[in-house]
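Summary of the model geometry
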Amino acid sequence: MSVEVEGDLIRFSYGGARACVARKGCTLVSFVVNGDEYLYLSEAANLSSKSSTPVRGGMPLIFPAFGKSYLESLKAVQQHGFVRNMAWDFVIAEVLTERTVARFRLSHRQCENEQQYISWCQFYGQRIEFELSMVFELFPDHITVDTSLVNENVSELEFQFLYHTYFRVPCVRDMYITGLKGAKYLDRLQTRYRLDTSPMLKVEEQTDKMYTLGEANREIDILSGNYNVRLTASENLSDLVVWNPWKEGAAKMKDFEPKSSYRNMCCVEFGAVEGTTLAKGGRWRCQHTITII
Ligand code: TA6
């Protein structure tokens, strides 16, 4: 069990599990269990806090906006918000009984020169005083991330939230995702709502689906040969995005390398995309767990 800080990267381990978080965006960029890597990271991903491009891979945090937000309060904010581009503070990492814990923090104080944050504040006509904290807990066969947001001064702060997790899979064509049966989803490529009636989702083309999860959809498995991952999350993460850019989408992304690696990845992303409003002085928390089964 160890903790090592290498510049902007914080590496920590517990038993047969190893993880690495980049201070940029507080992005979990690696989660290894018994020698197998479970997260996808583009070979062109830029992990330096000095660059303002988001990490292409791992688990970028999408906040305060999802996509090009349709919410009035977030329309001026760029796609997927700005906290994934910021250099977060690494607070502490410690090896405890049964797990290793790593804590990170970002507040408005670090964002005051960030144009996207300034645009967000302009909607409210005041400086938004917030604090985000992320706590990763690493166990021998799973990792949990607990994120909390404190709204210090805005009467009703509106935001969207998503863990934009890129999973590495041996072969996406051999992969299927279970747990989505009965959930309504928006096919974002065809802007059509549908109902998923299948016990398993196959990804065999460019895919961008946003599911609204019901009570029966709280355990999502990504299965591919002997690669089996179980995703769970707190109830307030009631949306789930499944995305694969496929060949055509990969070709358009400069930092998606190698281009053929769309065959070895799939984004499966728990979030609160419909928009949440947090009262002044309030705290909002969510949890997400990735378990190797
Ligand atoms: O989460 C899926 C998605 O919203 C896709 O629509 C696609 O835009 C993807 O995110 C990549 O977004 P990014 O800004 O990370 O390139």
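Structure shown above.
The text that follows walks through the structure, step by step, so that each part is easy to find. (Residues numbered from 1 in each chain as written. Predicted model: local features only at pLDDT ≥ 70, side-chain atom pairs only at ≥ 80, totals over all residues. Heavy atoms only, no water.)

A closer look at the site of the ligand
Our working definition: By convention in this text, a residue qualifies as near a molecule or strand provided that one of its non-hydrogen atoms is within 4 Å of it. Counted as a polar contact is a pair of N or O atoms within 3.5 Å, where, for protein atoms, one must be capable of donating a hydrogen and the other of accepting one, and residues adjacent in sequence contribute only when both atoms are in side chains. Here, Shrake-Rupley sampling with a 1.4 Å probe gives the accessible areas, and only protein chains in the shown set may cover a residue. Charged means Asp, Glu, Lys or Arg here, nonpolar means Ala, Val, Leu, Ile, Met, Phe, Trp, Tyr, Cys or Pro, and polar covers whatever is left, Gly included.
In the vicinity of the ligand, the contacting residues are Arg56, Phe66, Gln79, His80, Arg84, His164, Tyr166, Arg188, Asp208, Val241, Trp243 and Glu269. One of the side-chain N or O atoms of Gln79 is found 3.0 Å from an oxygen atom in the ligand. At 2.6 Å from an oxygen atom of the ligand is found a side-chain nitrogen or oxygen belonging to Asp208. With the chains in place, 84% of the 390 Å² that the ligand exposes on its own is no longer accessible. When grouped by side-chain class, the residues that make up the shell around the ligand number 4 nonpolar, 3 polar and 5 charged.

Looking at the sheet that holds strand β5 (residues 36–37)
Heads up, the condition is: A pair of strands is treated as paired once DSSP finds two or more bridges between them. Runs of E in the DSSP output that reach at least two residues are strands. Runs of H or I that reach at least four are helices, and both are numbered from the N terminus.
Strand order in the open sheet formed by 5 strands is β1-β2-β3-β4-β5, and the pairing between neighbours is antiparallel. The open sheet has two edge strands, β1 (3–6) and β5, and neither has a second partner. Bridge count for strand β2 (residues 9–14) against strand β3 (residues 17–22) is 6 bridges, and the pairing is antiparallel. If you follow Leu9 over to β3, its bridge partner there is Ala22.

So, the pairing of β3
Filter applied, for reference: Throughout this description, buried means an accessible area under 20% of the type-specific maximum (1.4 Å probe, protein chains only), exposed means over 50%, and partly exposed covers the range between.
A large share of β3 lies buried, amounting to 5 of its 6 residues. Joining the antiparallel neighbours β2 and β3 is a turn of 2 residues, in which Gly15 adopts a positive phi near 55°. Sheet topology places β3 next to strand β4 (residues 27–33); 6 bridges connect them, and they run antiparallel. Residue pairing across strands places Ala19 opposite Phe31, the latter belonging to β4.

Description of the side chain of Asn85
The criterion, for reference: In this description, contact between two residues means that some pair of their heavy atoms is separated by no more than 4.5 Å.
With respect to the helices and strands, Asn85 occurs in the loop between β6 (61–62) and β7 (89–96). By relative accessible area, Asn85 is classed as buried at 13%. For Asn85, the side chain forms a polar contact with the main-chain oxygen of Ser52, separated by 3.5 Å. Ignoring sequence-local partners within four residues, the contact set of Asn85 consists of Lys24, Gly25, Ser51, Ser52, Thr53, Pro54 and Gln78.

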